[in-house]
Amino acid sequence: MQDPCQAREVLGIVGDKWALLIVRMLKDGPRRFTELKRSIDGISQRMLTVTLRDLERDGILTRTVRNVMPPHVSYELTTMGRTLREATAPLLDWSIEHLPHIDAARAAYDNR
């Protein structure tokens, strides 16, 4: 039987805002690095690179390099990555739906 504390490894992925946004951006199929960078507001090139490498290492996505000039690198969700997308989609949808309420609550708190 697995140690329940090992779940924190997975929660580290699920709790990472950049990882979840990347997984969401890959839902419709492979995307290039520059497409991902343009699609994810506020992510630095270094953070995108680090997060993509971590997701590849964890088996969430694959990186494909095509030897053309200039090199064409694309990223795509694995089968496991697609199940992560399905599992986290409700959380991301909830976040988008409730963002105005969260902003209002923060403003009210800050004005106390």
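See above for the structure.
What counts, and at which threshold
- Throughout this document, residue positions are counted from 1 along each chain, in the order its sequence is written.
- Side-chain atom pairs in this predicted model are given and counted only at pLDDT of 80 or more, local residue features only at pLDDT of at least 70, and totals for whole chains, interfaces and linings cover all residues.
- With hydrogens and water stripped out, all remaining heavy atoms of the structure feed into the side-chain values.
- Think of a nonpolar core as a cluster: buried Ala, Val, Leu, Ile, Met, Phe, Trp, Tyr and Cys residues, connected wherever their side-chain atoms sit within 4.5 Å.
- Burial classes: relative accessible area under 20% of the type maximum marks a residue as buried, over 50% as exposed, and values in between as partly exposed (1.4 Å probe, protein chains only).
- The way it works is that DSSP assigns letters per residue, a run of H or I at least four long becomes a helix, a run of E at least two long becomes a strand, and they are numbered from the N terminus.
- Residues are treated as being in contact if the distance between any of their heavy atoms lies within 4.5 Å.
- In this analysis, strands are considered paired if DSSP registers two or more bridges between them.
- The definition of a polar contact used here is a pair of N or O atoms within 3.5 Å, where within protein one atom must be able to donate a hydrogen and the other to accept one, and adjacent residues in sequence count solely through side-chain atom pairs.
- A pairing counts as a salt bridge when a side-chain nitrogen of Lys or Arg comes within 4 Å of a carboxyl oxygen of Asp or Glu.
- A pocket, in this scheme, is an open set of points on a 1 Å grid over the protein atoms alone with protein on both sides within 12 Å along at least 5 of 7 lines, while a cavity is a set where a 1.4 Å probe fits but cannot get out; residues line either one if an atom lies within 4 Å of a point.
- Grid points are joined across faces, edges and corners, and a volume is the space filled by probe spheres set on the points.
- Here the nonpolar group is Ala, Val, Leu, Ile, Met, Phe, Trp, Tyr, Cys and Pro; Asp, Glu, Lys and Arg are the charged ones; every other residue, Gly included, is treated as polar.

Colleague: For this particular structure, what's the right way to read the nonpolar core?
Modeller: Across soluble globular proteins, you tend to see nonpolar side chains buried next to one another. One finds Ile22, Leu26, Leu48, Leu52, Leu55, Leu61 and Tyr75 to be the most contacted residues of the largest nonpolar core, which totals 19 residues. Among the elements of the structure, α2 (17-25), α3 (33-39), α4 (45-57) and β3 (72-77) are those that each provide at least two residues to this core. Those residues within four positions of Leu61 in sequence are excluded, and the remaining contacts are Ile22, Leu26, Leu52, Leu55, Glu56, Tyr75, Glu76, Leu77 and Thr78.

Colleague: Explain the sheet that holds β3 here, please?
Modeller: Note: strands within a sheet are paired through backbone hydrogen bonds, in either parallel or antiparallel orientation. An order of β1-β3-β2 is seen for the three strands of this open sheet, with the pairing classed as antiparallel. The open sheet has two edge strands, β1 (31-32) and β2 (61-66), and neither has a second partner. Inspection of the sheet shows β1 paired to β3 by two bridges, in the antiparallel sense. Of the residues in β3, the one forming a bridge with Arg32 is Ser74.

Colleague: Would you mind going over α2 with me for this structure?
Modeller: Owing to its 3.6 residues per turn, the α-helix brings residues three or four apart onto one side. Where α2 is concerned, the buried positions are Trp18, Ala19, Leu20, Ile22, Val23 and Arg24. The inward-facing, buried residues of α2 abut α1 (7-14), α4, β2, β3 and α5 (79-110). Its side-chain oxygen 3.0 Å from the backbone nitrogen of Trp18, Asp16 forms the N-cap of α2.

Colleague: Can you help me understand the environment of Leu48 in this one?
Modeller: Topologically, Leu48 is positioned in helix α4. Between the alpha carbons of Leu48 and Phe33 there is a distance of 8.3 Å; along the sequence they are 15 residues apart. Ignoring anything within four residues of it in the chain, the contact list for Leu48 reads Ile22, Phe33, Leu36, Lys37 and Ile43.

Colleague: Is there a simple way to think about unusual backbone geometry in this case?
Modeller: Note: most peptide bonds trans; most residues except glycine with negative phi. Put simply, Met69 and Pro70 share a cis peptide bond, and its omega is -10 degrees. Mapped onto the elements of the fold, Pro70 is located in the loop between β2 and β3.

Colleague: In this structure, what is going on with the pattern of salt bridges? I would like to understand it.
Modeller: The tally for this structure, following the rule as stated, stands at one salt bridge. The shortest N-O distance in the salt bridge between Arg24 and Asp93 comes to 3.5 Å. Of this pair, Arg24 sits in helix α2 while Asp93 sits in helix α5, and the two are 69 residues apart along the sequence.

Colleague: What should I look at first to understand the layout of surface pockets in this one?
Modeller: One water molecule sets the probe size; rolling that probe over the atoms shows where empty space is left. By volume, the largest pocket amounts to about 280 Å³. What lines the largest pocket is Leu21, Arg24, Met25, Ser39, Ile40, Asp41, Leu92, Ser95, Ile96, Leu99, Ile102 and Arg106. Elements supplying a minimum of two residues to the lining of the largest pocket: α2 and α5. Here the lining of the largest pocket takes six residues from α5, the largest share from any one element. Tallied by class, residues from the lining of the largest pocket come to seven nonpolar, two polar and three charged.

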